[in-house]
Amino acid sequence: MALKAGIVGLPNVGKSTLFNAITKKNILAANFPFATIEPNVGVVTVPDRRLEILNKMYEPKSLVPTTFEFTDIAGLVKGASKGEGLGNKFLSHIREVDAIVEVVRCFDNAEITHVEGNTDPVRDMEIINTELILADLEIVENRIGKIEKKAETTKDKLIVLELGALKKAQSTLLENKPLRSIEYTKDELEIIKPFNFITLKKIIYVANVSDEEVANGNSYTNEVIEYARCENAEVVIMSAKLESELSDLEGEDKMLFLSELGIEESGLDLLIKATYSLLGLKTFFTSGKDEVRAWTFKSGMKAPECAGIIHTDFERGFIKAEVMSFDVLEELQSEKAVKEAGKLRLEGKEYIMQDGDICFFRFNITK
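Residues numbered from 1 in each chain as written. Predicted model: local features only at pLDDT ≥ 70, side-chain atom pairs only at ≥ 80, totals over all residues. Heavy atoms only, no water.

Caption draft 1: Quick look at the packing of helix α4 (residues 121–154) against helix α7 (residues 219–229). One way to put it is that α4 packs onto α7 with a least axis distance of 9 Å and a crossing angle of 40°. The pairing of α4 with α7 is recorded here as oblique in orientation. Between α4, through Pro121, Val122, Met125, Glu126 and Asn129, and α7, the contact on the second element is made entirely by Tyr220, Glu223, Val224 and Tyr227. (Axes fitted to C-alpha atoms, helices over the stretch in contact; angles between N-to-C directions. Helix = DSSP H or I, 4+ residues; strand = E, 2+ residues; numbered from the N terminus. Parallel < 35°, antiparallel > 145°, perpendicular 65-115°, else oblique. Contact = heavy atoms within 4.5 Å.)

Caption draft 2: Geometry of the sheet that holds strand β5 (residues 99–105). In spatial order, the strands read β2-β4-β1-β5-β6-β7; together these six strands make up an open sheet with mixed pairing. Here the strands that pair on one side only, and so sit at the sheet edges, are β2 (40–45) and β7 (234–238). Looking at each pair of strands side by side, their axes are set apart by 25° on average, direction ignored. Docked against the sheet, helix α1 (residues 15–23) engages β1 (4–8), β2, β4 (67–72), β5, β6 (202–208) and β7, running at close to 45° with respect to β2. (Pairing = 2+ DSSP bridges.)

Caption draft 3: Quick peek at the pairing of β6. β6 sits mainly inside the fold: six of its seven residues count as buried. Judged from the seven bridges that link them, β5 and β6 form a sheet pairing that is parallel. Each residue of the ladder has a partner; that of Glu102, found in β6, is Tyr205. Bridge count for β6 against β7 is five bridges, and the pairing is parallel. Its bridge partner lying in β7, Ala207 is registered against Ile237. The handedness of the β6 to β7 crossover, carried by α7, is right-handed. (Buried < 20%, exposed > 50% of the residue type's maximum accessible area, 1.4 Å probe, protein only. Right-handed = clockwise from strand over helix to strand, strands pointing away.)

Caption draft 4: Structural view of the confidence of the model for the protein chain. For the protein chain, the average pLDDT comes to 85, and 90% of its residues sit at 70 or higher. Within the protein chain, helix α3 (residues 87–94) has the poorest average pLDDT of any element, 61, and helix α13 (residues 326–332) the best, 96. With pLDDT under 50 throughout, residues 25–39 is counted as low confidence; its partners more than four residues away or in other chains account for 44 contacts. In the predicted structure, residues 84–88 sits below a pLDDT of 50 and forms eleven contacts with residues beyond four places in sequence or in another chain. (pLDDT = per-residue confidence, 0-100.)

Caption draft 5: Layout of α4. The end-to-end C-alpha distance of α4 is 48 Å, a good match for the 50 Å that 34 residues give at a rise of 1.5 Å each. Maximum bend of α4: about 40°, positioned at Ile147. Once α4 ends, the next one or two residues include Lys155, with phi positive near 60°. (Expected span 1.5 Å × (residues − 1). Bend = angle between axes of the 7 residues up to and from the residue.)

In structure tokens, the structure reads:
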């Protein structure tokens, strides 16, 4: 399931440093605006202790974690919606992602140029969010101009519905609010989906701090948290520079380093989990001696749809799914014990897959 989260922010806030740490790729991270021009795409592994436990139980030949994509997008500047900086190129890249990770500078450092002259996280967030709002507003108003007269004269139900949805969006954007801040009916969402509005995408803020402030944050991070609270968005506090150093450590060395910093989990792990959750993603597993594998699915998907993630034939010929819960398997310590306890279930086509389900799909394809 190829879902993407796009990393955005003003130039020199730490986006590319963060991306380097996430993907362990050595892309250009330079102290001047627009060091990143083309979006860099990296696949990240979702941390999951359950996979480690299944690996010990089954001792498979292959272990495959679940993943999704992070895209590092060029720095945005004031006036991007009117073509400033990389302008439309930036906006076209951000329209292609499923969720936005907005990196906000929350540290002072005279050696790292701030494109606006000084550190002010709320101003920086408003610059970015206003540019995204203006970009969406231009699309909304252009479309309204094309269909408004037709909606009034023809009374075509679809055109009338579209106009109503766009007017609703226009009103919201003119109040300088993102489209994700209001509710839409199912029909409205369906009709505005092709426009791929940026401010309709879900967002998470990363407050990028100095190494010394990663455990407790600072006055800047408090401002970011308050700003994010107004749109029910989550904030992850981290030091991109520190995470870049941490990415080279494994196991006990990494845990010891985190302990010395006074934190239990790296900011990257928190961000990856938070973004995974933000996109409404969950994980089911297939387990055996040949392979233990985690699979990503969207919350609410039924068993046949999840079977189709593995192979389209599995969905087309779906009969039943043998399902056991990871929690039950962990408690009873073996698949055999789960079966003997009567905890292995047979689920049909209407079964809604749950996070942590371990599945074997029965299917039949007839010519």
